[in-house]
Amino acid sequence: MTWLRAFVLAVLLGSSPAAEAQTEDAARSPGSLAEASGFFKAPPLDGCTLTLEELVKGKSSALRGRWIMKKGPGEMGLVSAGRVEMQPVPQRSGEILSLDFRNGRLVAGSPVLGFMPVAVEDRAPPAPGSGLRAESAGRGDLPDDAEVFLDEIALGPLPCGPDQLLRLNIQAQQDTGTGHVLQQTYRLFLIDQSRMSGTYSETGAPGRIERGLVTLERR
């Protein structure tokens, strides 16, 4: 009869309030690392409606983490016979950029460039000349002289245009050891907590310039 008593006891415990409470707690608690990560996800951001004040006063914490950078398409200037000729630059991806805080300010971190301050700007019509020519951006659907400010091909349809998105600007300098300083500028439009896109430009030795579209995604 030992097995019968054990069975009855198990039934009684299984239906007790304490056992039911433990079951409910187990159902609410994460059952895997993937589920547990959901407890700590940053709140979603909407770059179309988020105000600059909201971003600066706390919501920029949602941007903290590692981002995968994809550059291109774009163009690069080469000196030939005393003239600078622009040649297409292929797409490249895999660079890692991290966003974090130092002394309360948002900074970008790169294994090559170190830490760089991030300037946050309010939405406004993009300045003429700050974009990329449609021809260089691979946008055959637009007039060649039209300006492209972010990579809508890589991102797909966006909820609003670049003039309605908050901006993050990053500038960096790197000593190349050749007597020339490599200067990099990233003009990014904040779409949400996992996507940013815009343009980049690099200048160094005389006649050396590279510019193109750049997209940051966090997976």
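Predicted, not measured: the structure shown is a model, and the values here were computed from it.

A. Structural view of the side chain of Gln184. Inspection of the secondary structure puts Gln184 in strand 9 (residues 181–192). Here Glu202 takes part through its side chain, which lies 2.9 Å from a polar atom of the side chain of Gln184.

B. Main features of the state of the cysteines. Scanning all chains against the criterion turns up one disulfide. One disulfide in the model links Cys48 with Cys160; its S-S distance is 2.0 Å. Disulfide Cys48-Cys160: the torsion about the S-S bond is -90 degrees, which places it as left-handed. Pair noted here: Cys48 is in the loop between helix 3 (33–37) and helix 4 (52–56) and Cys160 is in the loop between helix 5 (152–155) and strand 8 (167–175), with a separation of 112 residues, a long-range link. Across the pair, exposure class does not vary: Cys48 and Cys160 are buried alike.

C. Quick peek at the nonpolar core. Counting residues in hydrophobic clusters, the biggest one holds 24 residues, and the most contacted among them are Leu63, Leu99, Leu168, Ile170, Leu188, Met196 and Leu216. When residues of this core are traced back to their parent elements, those giving at least two are strand 1 (65–80), strand 3 (92–102), strand 4 (105–110), strand 5 (114–121), strand 8, strand 9, strand 10 (195–203) and strand 11 (209–217). When neighbours within four sequence positions are excluded, Met196 is seen to be in contact with Trp67, Leu99, Leu168, Leu188, Phe189, Leu190, Val214, Thr215 and Leu216. One finds Cys48, Phe149, Cys160 and Leu165 within the second-largest nonpolar core, a separate group that totals nine residues.

Reading the values: the criteria
Residues numbered from 1 in each chain as written. Predicted model: local features only at pLDDT ≥ 70, side-chain atom pairs only at ≥ 80, totals over all residues. Heavy atoms only, no water. Helix = DSSP H or I, 4+ residues; strand = E, 2+ residues; numbered from the N terminus. Polar contact = N/O pair within 3.5 Å; in protein donor to acceptor, adjacent residues only side chain to side chain. Disulfide = S-S within 2.5 Å. Buried < 20%, exposed > 50% of the residue type's maximum accessible area, 1.4 Å probe, protein only. Core = buried A, V, L, I, M, F, W, Y, C linked by side-chain atoms within 4.5 Å. Contact = heavy atoms within 4.5 Å.

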